[in-house]
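Listed below, chain by chain, are the residues.
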Amino acid sequence: MFTALIIKTGILQWGDKIQQDIYEAYQWAIAAGLASKDNACIMGGSFGAYSALQSAIEYPKTYRCAIGYAGVYDLNLMFNEGNIKNIYEGKAYLEDTLGYDETIRMKMSPVYHANNIEIPLFIAHGKKDEQVPFEHVARLRAALDEAKKSYTWHKFSRESYGFFDPDNHAEYMKNVLDFLNKNI
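Residues numbered from 1 in each chain as written. Predicted model: local features only at pLDDT ≥ 70, side-chain atom pairs only at ≥ 80, totals over all residues. Heavy atoms only, no water.

Student: Looking at this model, I keep getting lost on the side chain of His113. Mind explaining?
Tutor: Mapped onto the elements of the fold, His113 is located in the loop between helix H6 (102–107) and strand S3 (121–126). Under the relative-accessibility criterion, His113 is labelled buried at 19%. Contact partners of His113, with chain neighbours within four places excluded, come to Ile57, Met106 and Lys107. (Helix = DSSP H or I, 4+ residues; strand = E, 2+ residues; numbered from the N terminus. Buried < 20%, exposed > 50% of the residue type's maximum accessible area, 1.4 Å probe, protein only. Contact = heavy atoms within 4.5 Å.)

Student: What's the story with the packing of aromatic side chains in this structure? I'm lost.
Tutor: The description of two aromatic rings rests on the distance between their centres and on the angle between their planes. Throughout the structure, instances matching the rule amount to ten aromatic pairs. Taking 4.4 Å as the distance between ring centres and 45° as the angle between the ring planes, the aromatic pair formed by Phe156 and Phe163 counts as tilted. Owing to a relative accessible area of 10%, Phe163 belongs among the buried residues under this scheme. Cluster of aromatic residues (ring-pair linked, three or more members): Tyr69, Phe122, Phe156, Phe163, Tyr172 and Phe179. Positioned above the aromatic ring of Phe79 is the side chain of Arg105, whose terminal nitrogen or guanidinium carbon lies 4.0 Å from the ring centre. (Phe/Tyr/Trp six-rings, centres within 6.5 Å; stacked < 30°, edge-to-face > 60°. Lys NZ or Arg CZ within 6 Å of the ring centre and 35° of its normal.)

Student: Honestly, the sheet that holds S3 in this entry has me stumped. Any pointers?
Tutor: Within a sheet, neighbouring strands are paired by backbone hydrogen bonds and run either parallel or antiparallel to one another. In space, the four strands of this open sheet follow the order S1-S2-S3-S4, with parallel pairing throughout. Two strands close off the open sheet at either side, each with one partner strand: strand S1 (41–45) and strand S4 (152–156). The mean inter-strand angle of the sheet, taken between neighbouring strand axes irrespective of direction, is 5°. For strand S2 (residues 65–69) and S3, the ladder comprises four bridges, and the chain directions are parallel. Within S3, the position partnered with Tyr69 by the bridge is Ala124. Lying over the sheet, helix H3 (residues 47–58) contacts S1, S2 and S3, oriented at roughly 150° with respect to S1. Against the sheet, helix H8 (residues 166–183) engages S1, S2, S3 and S4, with an angle of about 170° to S2. (Pairing = 2+ DSSP bridges. Axes fitted to C-alpha atoms, helices over the stretch in contact; angles between N-to-C directions.)

Quick look at the structure:
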């Protein structure tokens, strides 16, 4: 029942209600003394990277920085690129979760709102990613460049969805720590 409730609350609400839940959880953690206000960076991979950047757009004064790796940044692109649509129930999942309206998906896609990002970003992606194709980050970088937003960027030429080579993982984590030390 709980799993069904979580799945149902995410349907057609990637860009707003889920981000609101993350924001409210952070506010709760501040009130409970578990997090400090104005001293947090939001971070994630894949959907978590999407959430990190979408949260930076929806709540621009909340986080000090955002980090995303293997991120979904263009929801319309998910319908045309990557292997999600090819796995069992993948296309139905995309249609049920993100809907049929390209305009709404654009509204929920960080790539179309890069000009609203006001905090430092660190983005990383594997060039051989078939789950969340490299095109997501290429489009995001182009949008950030067009909006004249600075960001820290790292590409892993021989990685796919995530970082599996121990040396690449160590390099990524070192870069994340450097980024956090600079921005928090």
